[in-house]
Number of protein chains: 2
Amino acid sequence: MSSRKKVLFITSNAHKVQEIQELVAAESRAITIEHLDYNCPELQLDTVEEVARESATYIRDRIAIKQPFFLEDSGLHIPALNGFPGPFSAFVFRTIGNEGILRLMAGQTGEDRTATFKTAVAYCESRTATPLLFVGTVKGRIAETARGTNGFGYDPLFEFRGKTFAEMSREEKNKRSHRSRAFMKFLTHIT
Amino acid sequence: MSSRKKVLFITSNAHKVQEIQELVAAESRAITIEHLDYNCPELQLDTVEEVARESATYIRDRIAIKQPFFLEDSGLHIPALNGFPGPFSAFVFRTIGNEGILRLMAGQTGEDRTATFKTAVAYCESRTATPLLFVGTVKGRIAETARGTNGFGYDPLFEFRGKTFAEMSREEKNKRSHRSRAFMKFLTHIT
């Protein structure tokens, strides 16, 4: 019986746990992902990389977690809106939602509808380690209307090669998403 | 010669320093406000009270400031947008600006244009004190277009009894603003 490495994923978002569990299974990685349902304090910083790193540092220094752990921060970045909603994507989604994003994008066409999804995974191997960052991005565009019922958050707005993330099966989205790209880099590092 | 109490205002926003200095002068308060130009880390929390309290706690615990200090966090809250932009007002202003708020409010009329400005001042008397909070609010409405050139931030959008804050003189705005209401409560407490 092989001893599988265990790492703890700290997140309050069950969708994200499911995404990485499916990747681990699909790739037959020799790792067990455990889940701690905790909503980590996040700083108001301008990039998801900084937010993830600071959150990991906070947990490392303040919370008695002895095993290796990771967390992630993700954001939708729209250049025509100067990077909005960026690292505040969760709050913006809770308040103005996809409807608000569509209003802000009214009248934008062509290249001006470009958007990038980005995930930064921050991994702490031990209580003394500096968090390591693994970043995944995917470039797409903001659809003219919300389409599809899969996924969560901004998925119905984010169009990649003609389909929104919410129109893709989980398997299809997992092949393309910013989060799975960041998770894959991370899994490759630790296994 | 009376010995004037000194307190340190920690903020990177010169407008806010000017506002409180003018209040202190207008009210002849026996206090000297010193200024430390520092952009304190702010957590992503849902209220300006929590953001101000956590920032003050952070400074108290991590930075060697021996004298009494205070800082403030302010936000514009629009009920029709579920409280957006709230504690993230600064980031939202930098990215989508007043133009973005107007787009989000398009079609809203009457009561639905209601908005509240809120300031929370957090004051730490000593390295062992729990931060005290002083909150000021002002209720107004989001104007149909930006008007006026005084003030800063959302002032051209925030209408109070027919005039936007940006159409008021500083003296006039100081009599009405959320920030001066919070500052006055704070000054009354410490002098």
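### What to know about the overall build of chain A
Then, number 1: Counting its secondary structure elements, chain A contains 6 helices and 8 strands.
Then, number 2: Its C-alpha atoms give chain A a radius of gyration of 17 Å, near enough to 16 Å, the size a compact globule of 191 residues would have.
Then, number 3: Taking the principal axes of its C-alpha atoms as reference, chain A extends roughly 55 × 35 × 25 Å.
Then, number 4: Buried residues in chain A amount to 42% of all 191 residues.
Then, number 5: Of the contacts formed within chain A by residues at least 6 apart in sequence, a portion of 63% connects residues at least 24 apart.

### A word on the interface of chain A and chain B
Then, number 1: In this assembly, 17 residues from chain A lie in contact with 17 residues from chain B.
Then, number 2: Among the elements of the structure, helix 3 (89-95) and helix 4 (97-104) of chain A are those that each provide at least two residues to the side of chain A that touches chain B.
Then, number 3: Within the side of chain A that touches chain B, the residues separate by chemical class into 9 nonpolar, 5 polar and 3 charged.

### With respect to unusual backbone geometry
Residue and element names in this part refer to chain A.
Then, number 1: That bond from Phe84 to Pro85 is cis: its omega, -5°, falls within 30 degrees of zero.
Then, number 2: Along the polypeptide, Pro85 turns up in strand 4 (residues 85-86).
Then, number 3: In this structure, Ser28 takes a positive phi of about 50° despite not being glycine.
Then, number 4: Looking at Ser28, the number of C-beta atoms within 10 Å reads 7, which means it is exposed.

### Some points on the relation of the copies chain A and chain B
Then, number 1: Laying chain A over chain B is done by rotating through 180° and shifting 0.0 Å along the axis; what remains is an RMSD of 0.0 Å. Accordingly, the operation relating the two chain copies is best matched by a two-fold axis. Among all residues of chain A, the minimum C-alpha distance to the rotation axis is found for Leu43 of chain A, at 2.1 Å.
Then, number 2: Take the interface residues of chain A: 100% of them recur as interface residues in chain B, which is what a same-surface contact looks like.

### Here's the deal with the packing of helix 1 (residues 14-26) of chain A against helix 6 (residues 178-190) of chain A
Residues and elements named next belong to chain A.
Then, number 1: Packing of helix 1 against helix 6 brings their axes to within 10 Å, and their N-to-C directions diverge by 55°. Here helix 1 is positioned oblique relative to helix 6, judged by the angle of their axes. Here helix 1 runs over helix 6; the crossing is right-handed. Counted together, Lys16, Glu19, Ile20, Leu23 and Val24 of helix 1 and Arg179, Ser180, Phe183, Met184 and Leu187 of helix 6 form the full contact between these two elements.
Then, number 2: Residues of the contact of helix 1 with helix 6, tallied by class, amount to 6 nonpolar, 1 polar and 3 charged.

### Digging into the confidence of the model for chain A
Then, number 1: Looking at chain A as a whole, the pLDDT averages 94, with 99% of positions reaching at least 70.
Then, number 2: As a predicted assembly, this complex carries a pTM of 0.88 together with an ipTM value of 0.84.

Definitions and cut-offs
Residues numbered from 1 in each chain as written. Chains lettered and ligands numbered in written order. Predicted model: local features only at pLDDT ≥ 70, side-chain atom pairs only at ≥ 80, totals over all residues. Helix = DSSP H or I, 4+ residues; strand = E, 2+ residues; numbered from the N terminus. Rg over C-alpha atoms; globule rule 2.2 N^0.38 Å. Buried ≥ 20, exposed ≤ 12 C-beta atoms within 10 Å, placed from the backbone. Contact = placed C-beta atoms within 7 Å. Nonpolar A, V, L, I, M, F, W, Y, C, P; charged D, E, K, R; others polar. Least-squares fit on C-alpha atoms with pLDDT ≥ 70 in both. Axes fitted to C-alpha atoms, helices over the stretch in contact; angles between N-to-C directions. Parallel < 35°, antiparallel > 145°, perpendicular 65-115°, else oblique. Left-handed = near helix turned anticlockwise from the far one by under 90°. pLDDT = per-residue confidence, 0-100.

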